[in-house]
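Examination of the molecular architecture
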Amino acid sequence: MKKLNILMIMLITSFVFMACEKNDENSIMENGPNKQSFLRGDGIMEFHDQNEFAQFILNIDQMDRSQLSDFADGNDYQSFGLYCDDLYFQIAADSLKPDLVSDAVDSYNEYIMLEPDDSIEGDFVFKARFQDHPLYYIINLKYMYIVGEYVYKLFDEGIIETKVDFIDELTSVGSYDEPLDQETFSKLDNEVLDTDPLPPPHDAGIKVVKRKTNGKKRTKSRIKVHLLSKSTAQYASDHLVRPYKKTLGIWYWCKRTITYDFNTAVDVHHNNGNCDVHPFNVSGQQKRYSIQKRDVFWGPPVIDTESVHYRGYDCMGDTPDTDPVDYSKYTFNL
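I will try to describe carefully the structure that is included in this document. (Residues numbered from 1 in each chain as written. Predicted model: local features only at pLDDT ≥ 70, side-chain atom pairs only at ≥ 80, totals over all residues. Heavy atoms only, no water.)

An order of β1-β4-β5-β6-β7 is seen for the five strands of this open sheet, with the pairing classed as mixed. Strands at the two margins of the open sheet, each flanked by one partner only, are β1 (45-47) and β7 (186-189). Along the sheet, successive strands turn relative to each other by an average axial angle of 25°, direction set aside. In this sheet, β7 lies alongside strand β6 (residues 158-163) in antiparallel orientation, the contact comprising four bridges. The residue of β7 that forms the bridge with G158 is D189. (Pairing = 2+ DSSP bridges. Helix = DSSP H or I, 4+ residues; strand = E, 2+ residues; numbered from the N terminus. Axes fitted to C-alpha atoms, helices over the stretch in contact; angles between N-to-C directions.)

Structure below.
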């Protein structure tokens, strides 16, 4: 804890974010939760309902780090993602000293990590915990947030959900596998959406990750369906492009001009044979550390849902450093 407090002081003095100009008509602040939404003075984000929560997830797509920082500071909430970003870039400044990076990862393993690269033996990827999850900038440093009368806690394996009355009990839960009263707590496993895949050409899965590597430069793209709430059957389809550069065997985020084109559709199959289709199409170009575009939608009660998966996709992510990352499946279903 002492190390954490010292680092927080260093971060506050080391990072200065410039406030962006805000358009009163389309203000992110007006679309997001207001100050009276927050609870207990412990920096946890609270949303009035699932609609407000969904809107804020979509707003994050449009906000850069300085806007996110301004919003968090103005609304007294601790953003896990912003904290990890600042920690990440401070440690990445020592990329020419891999031993220092490794020591920092050991000290702050709740927030950052080095993982073996799954395509080049001996390489590692420096990453922030939950970095590609839709909740990355929403959860606080205890991995929690509130929507309506429910409170949620994010783990690597999934989300635990319970009524706000049990927020103290949920705060003390240290592991996703910890035995819990099933009438009080619900677990939303990451991979439960498509446990019984339909035969081709109806089911394109719930997650796709693709990369293009050119020497010490890389472009990664990924799509994934997330279950965000069991009580309201809320889902997110997440679309990502992230560029990397390699220094002394470790891959780090880097800022590049990113071109993207995502064309996907998600099927939500009901137990009664009905099927809802949620198409999503977005394209553009921005200079960022990553591009994430999301669709948020609702299904029938989870108990009445047979499966959720992509019915098809046709996606592209590109940076000047590599060939385009193109991937597609069952495009005739789009």
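Right, picking up where we left off after that structure.
Along the chain, F89 turns up in helix α5 (residues 80-92). Separated by 164 residues in sequence, F89 and W253 have C-alpha atoms that sit 8.9 Å apart.

Attention now moves to the side chain of K153. Mapped onto the secondary structure, K153 falls in strand β5 (residues 150-155). Of the side chains with opposite charge, E178 comes closest to the buried, unpaired K153, at an N-O distance of 7.8 Å. Only 3.0 Å separates the side chain of K153 from the backbone oxygen of T171, close enough to count as a polar contact. A polar contact of 2.6 Å, which involves the side chain of K153, links it to the backbone oxygen of V173. Beyond its immediate sequence surroundings of up to four residues, K153 is in contact with K142, Y143, M144, G158, I159, I160, L170, T171 and V173. (Buried < 20%, exposed > 50% of the residue type's maximum accessible area, 1.4 Å probe, protein only. Lys, Arg positive; Asp, Glu negative; His and termini not counted. Salt bridge = Lys/Arg side-chain N within 4 Å of Asp/Glu carboxyl O. Polar contact = N/O pair within 3.5 Å; in protein donor to acceptor, adjacent residues only side chain to side chain. Contact = heavy atoms within 4.5 Å.)

A separate point is the nonpolar core. By size, the foremost hydrophobic cluster in this structure holds 78 residues, and its most contacted members are F53, F80, Y111, F126, L135, I138 and Y145. The element that contributes the greatest number of residues to this core is α5, accounting for nine residues. The contact partners of I138, leaving out residues within four places of it in the chain, are M45, F47, F53, F56, I57, I60, Y77, M144 and Y145. The next biggest cluster of nonpolar side chains, apart from the first, holds 11 residues, and it includes I146, F155, L170 and F185. (Core = buried A, V, L, I, M, F, W, Y, C linked by side-chain atoms within 4.5 Å.)

α5 packs onto helix α4 (residues 65-75) with a crossing angle of 130° between their chain directions and a minimal axis gap of 11 Å. By the criterion of interaxial angle, the relationship of α4 to α5 is oblique. Both α4 and α5 take part in a crossing whose hand is left-handed. Residues R65, L68, S69 and A72 of α4 lie in contact with α5, whose contacting residues are L82, D85, D86 and F89. Taken together, the residues that form the contact of α4 with α5 break down as four nonpolar, one polar and three charged. (Parallel < 35°, antiparallel > 145°, perpendicular 65-115°, else oblique. Left-handed = near helix turned anticlockwise from the far one by under 90°. Nonpolar A, V, L, I, M, F, W, Y, C, P; charged D, E, K, R; others polar.)

Once that is clear, we can look at the pairing of strand β11 (residues 250-253). Sheet topology note: the strand β3 (residues 124-128)/β11 ladder contains two bridges and is parallel. Looking at the pairing, V125 lines up with W251 of β11. Sheet topology places strand β10 (residues 234-247) next to β11; four bridges connect them, and they run antiparallel. Residue pairing across strands places T247 opposite I250, the latter belonging to β11. Turn length for the β10-β11 hairpin, with the two strands adjacent in sequence and antiparallel, is two residues, and the turn residue L248 shows positive phi of about 50°.

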